[in-house]
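As a plain string of letters, each chain reads:
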Amino acid sequence: MKEKTTLIKNAKIINEGKVFSGDILIEGEYIKQIDTSISAKSANVKIVDAEGKYILPGVIDDQVHFREPGLTEKATIETESRAAIAGGITSFIEMPNTNPQTTTIEKLEEKFAIAAETSSANYSFMFGGTNDNLEEILKVDKTNVAGLKLFLGSSTGNMLVDNPEVLEKIFSSTDLLISVHCEDEATIKANFKKYHDEYGDDIPVKYHPLIRSEEACYLSSSKAIQLAKKTGARLHIFHLSTGKETKLFSNKIPLKDKKITAEVCIHHLWFTDEDYEKKGTLIKWNPAVKKKSDREQLWKALLDGRIDVIATDHAPHTKDEKDNIYTNAPSGGPLVQHALPAMLEMHHRGKISLEDVVEKMCHNPAILFQVEKRGYIKEGYFADLVLVDLNNPWTVNKDNILYKCGWSPFEGTTFKSRITHTFLNGSLVYQNAEFKNVKAAKRLTFTR
Ligand SMILES: NC(=O)N[C@@H](CC(=O)O)C(=O)O
């Protein structure tokens, strides 16, 4: 059978630090040709006119919680991967704090099976480390998973790794890329007690960043870095939230050679502690959204290369769960549908260039995780492509939110940019707010 062929005409292509006009020919699952002008060689070629639009590689989100198995009242791989596609995220790496936790090969394979059946976006997973599954960790093949996730601070799912000997053993013996959630547990506990003694369970949410404090983040990130340096482990620190932590990272080494890398998330680049008053527990995240000065330093570190990637930490909870007093409201919120529009909004506000959005959300996750043939608009690469209209404003509201939980911290926000088309492995899977009925998603592969 002849391969399906699509020709995208007149797009402004954002790739590898450049924006240029051109056409892209897709044959089967791959990008066949990129040129200033390509003409269709047969009547069977489907033409997509991208005049006036920008095209970028599909976003690779290195940290999402899609809640399956076991927490499906919050979200499923099926619902959230569709929201991701509508948000221009074509590949995701999902976290192990599900129920059961992804801490054995058997549980990991169960997740791969669910994703193979139901995911609309390309997928991989993090294996979960605990205080007592080192043997299982050592059985994991690094070409099969994105990496190993360790919670060095407690959060949703009770996966805290707090045994220092075990931690050192894991760091010194696994060849998996280790991704860590860094917040020092003892510091958090002491801070919590102080506020709890004063307010009981109903602590004002604005104290969240003082409980989950700068010091808690810095202490834990510093310790993880020390351990990585001592053991030679490959360490990736998730969701930096403080200016102080940014000083721990270097921009002197090319990303592909770095042993220690860092991520920042959408919420830490968008919100500040001034937003707690209006948004309350809806913006309660671990680590907490902190001060304006932290946000500014995170932006600076992102743009000067100390922070390597932007991700979402998409972590949905039901609205009922979130509508609770501080102590009972879980941390986390949904983001995959709005992450790229939010960063494009930051572009409109002069915070970041389009080239840098693409570098931090598409190229760098691909380099960092050694994702095979994705993250770039390149001949021979998978055709994961996103078309955006930079001047087509829309407002986030209940009618257009696709998350299973049905709410967003961005509700009421108007974004100037709209994702009009998403191509996944060569298939047009989303166009003008409609999903096409194609099963195109694939398991991510890695060149390790
Ligand atoms: N980020 C969050 O606030 N919550 C995450 C867990 C985590 O990554 O801490 C969740 O799974 O709910």
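Residues numbered from 1 in each chain as written. Predicted model: local features only at pLDDT ≥ 70, side-chain atom pairs only at ≥ 80, totals over all residues. Heavy atoms only, no water.

Per an unreviewed UniProt entry, the protein goes by Dihydroorotase and derives from Pseudotamlana agarivorans.

Structural notes on the sheet that holds strand β11 (residues 235-237)
Threshold: Pairing between strands is defined by DSSP: at least two bridges between them are needed. Counting from the N terminus, the helices are DSSP H or I runs at least four residues long and the strands are E runs at least two residues long. Axis definition: a line fitted to C-alpha atoms, limited for helices to the stretch in contact. Angles are taken between N-to-C directions and run from 0 to 180 degrees.
Read from one edge of the open sheet, eight strands run β6-β7-β8-β9-β10-β11-β12-β13, paired in parallel fashion. Edge positions in the open sheet fall to β6 (59-64) and β13 (309-311), since each of these has one partner strand only. Direction aside, neighbouring strands of the sheet carry axes that sit 30 degrees apart on average. Of the strand pairs in this sheet, strand β7 (residues 89-94) and strand β8 (residues 122-128) are connected by four bridges, and their pairing is parallel.

Details of helix α13 (residues 339-348)
Each full turn of the α-helix corresponds to 3.6 residues, which orients residues three or four apart in the same direction. Applied cut-off: Each residue is placed in one exposure class: buried if its accessible area under a 1.4 Å probe, protein chains only, is under 20% of its type's maximum, exposed if it is over 50%, and partly exposed if it falls in between.
For α13, the buried fraction is high: eight of the ten residues fall into the buried class. Looking only at α13, the buried set comprises Ala339, Leu340, Pro341, Ala342, Met343, Leu344, Glu345 and Met346. Residue Gly350 follows α13 closely and has a positive phi angle near 85 degrees.

Considerations on the pattern of salt bridges
Defined as follows: By definition here, a salt bridge exists when the distance from a side-chain nitrogen of Lys or Arg to a carboxyl oxygen of Asp or Glu is within 4 Å.
Overall, the coordinates contain 21 salt bridges when judged by the stated rule. As a salt-bridge pair, Lys256 and Asp257 come within 3.4 Å of each other at their nearest N and O atoms. Measuring nitrogen to oxygen at the nearest pair gives 2.6 Å for the salt bridge that ties Glu411 to Lys398. Separated by 13 residues along the polypeptide, Glu411 in the loop between β15 (394-395) and β16 (414-415) and Lys398 in the loop between β15 and β16 bring together distant segments of the chain. Of the residues examined, Glu411 reaches a relative accessible area of 27% and is grouped as partly exposed. Beyond isolated ion pairs, a larger network of salt bridges with shared partners links Arg295, Glu296 and Lys351.

Quick notes on the packing of aromatic side chains
We apply this condition: We call Phe, Tyr and Trp rings a pair once their centres come within 6.5 Å, taking the six-membered ring for Trp, and we label the pair stacked below 30 degrees between planes, edge-to-face above 60, and tilted otherwise. Whether a charge sits over a ring depends on NZ of Lys or CZ of Arg being within 6 Å of the ring centre and within 35 degrees of the ring normal.
For the coordinates displayed, the defined rule picks out 14 aromatic pairs. Judged by centre distance (5.8 Å) and plane angle (55 degrees), the ring pair of Trp394 and Phe415 falls under tilted. Of this pair, Trp394 sits in strand β15 while Phe415 sits in strand β16, and the two are 21 residues apart along the sequence. The burial state of Trp394 is the same as that of Phe415; both residues are buried. Through a chain of ring-to-ring contacts, the aromatic side chains of Trp270, Phe271, Trp285, Trp394, Phe410 and Phe415 assemble into a single cluster. One cation-aromatic arrangement involves Lys244 over Tyr218; the distance from NZ or CZ to the ring centre is 4.5 Å. Over the aromatic face of Tyr376 sits the side chain of Lys378, whose NZ or CZ is 4.6 Å from the ring centroid.

Things to note about the pairing of β6
Inclusion rule: The path from the first strand over the helix to the second decides the hand: if it runs clockwise while the strands point away from the viewer, the crossover is right-handed.
Taking burial as the measure, the six residues of β6 include six buried ones, the bulk of the element. Relative to β7, β6 runs parallel, the two sharing four bridges. What sits directly across from Asp61, in β7, is Phe92. With respect to chirality, the unit in which β6 leads through helix α1 (residues 77-86) into the neighbouring parallel β7 is right-handed.

Some thoughts on the environment of Phe171
This is how the line gets drawn: The contact criterion used throughout is that any non-hydrogen atoms of two residues lie within 4.5 Å.
Inspection of the secondary structure assignment puts Phe171 in helix α4 (residues 164-173). Apart from the residues lying within four places of it in its own chain, the contact partners of Phe171 are Leu150, Ile178, Ala224, Leu227, Ala228, Thr231, Ala233 and Leu235.

Quick word on unusual backbone geometry
Look at the link from Glu68 to Pro69: it is a cis peptide, with omega at 5 degrees. Inspection of the secondary structure assignment puts Pro69 in the loop between β6 and α1. In this structure, the amide linkage connecting Asn99 to the following residue, Pro100, adopts the cis form with an omega of 5 degrees. Note that Pro100 resides in the loop between β7 and α2 (105-118).

Some details on the environment of Pro100
Its relative accessible area of 35% is what places Pro100 among the partly exposed residues. As a C-alpha pair, Pro100 and Glu168 span 68 residues in sequence and 25 Å in three-dimensional space. Residues contacting Pro100, with those up to four places away along its chain left out, are Pro69 and Lys107.

Things to note about the nonpolar core
The line we're drawing: The nonpolar core is taken to be a set of buried Ala, Val, Leu, Ile, Met, Phe, Trp, Tyr and Cys residues, with the residues joined through side-chain atoms within 4.5 Å.
One finds Leu150, Leu340 and Met361 to be the most contacted residues of the largest nonpolar core, which totals 100 residues. Top element by residues in this core is α13. It accounts for six residues.

A few points about the site of the ligand
Our working definition: Proximity is defined per residue: if any heavy atom of the residue lies within 4 Å of a molecule or strand, that residue is considered near it. By the criterion applied in these results, polar contacts are pairs of N or O atoms within 3.5 Å in which, for protein atoms, one can donate a hydrogen and the other can accept it, and in which residues neighboring in sequence qualify only through two side-chain atoms. Residue burial considers only the protein chains on display, and all accessible areas are found by Shrake-Rupley using a 1.4 Å probe.
Neighbouring residues of the ligand: 15 residues in total, closest Arg67, Ser155, Thr156, Asn286 and Asp313. Here an oxygen atom of the ligand sits 2.5 Å away from a polar atom, N or O, in the side chain of Ser155. Within the side chain of Thr156, a nitrogen or oxygen atom sits 2.7 Å from an oxygen atom of the ligand. Protein burial of the ligand: of its 310 Å² of free accessible surface, 100% is covered by the chains.

Overview of helix α11 (residues 292-303)
Keep this limit in mind: What a helix should span is 1.5 Å times the count of its residues minus one.
Compared with an ideal rise of 1.5 Å per residue, which puts twelve residues at 16 Å, α11 spans 17 Å between its outermost C-alpha atoms and is within 8% of the ideal. With its phi angle positive at about 90 degrees, Gly305 sits one or two positions after the end of α11.

A short note on the packing of α13 against helix α14 (residues 354-369)
The line we're drawing: The sense of a crossing depends on the near helix, which, turned anticlockwise from the far helix by less than a right angle, makes the crossing left-handed and, turned clockwise, makes it right-handed. Gly counts as polar in this scheme, as do all residues outside two lists: the nonpolar Ala, Val, Leu, Ile, Met, Phe, Trp, Tyr, Cys and Pro, and the charged Asp, Glu, Lys and Arg.
Two elements in contact, α13 and α14, have axes whose closest approach is 9 Å; the angle formed by their N-to-C orientations is 145 degrees. The two elements α13 and α14 meet at a crossing, and its hand is right-handed. Contact residues: α13 offers Ala339, Leu340, Met343, Leu344 and His347, while α14 offers Leu354, Val357 and Met361. Of the residues contributing to the contact of α13 with α14, the split by class is seven nonpolar, one polar and no charged.

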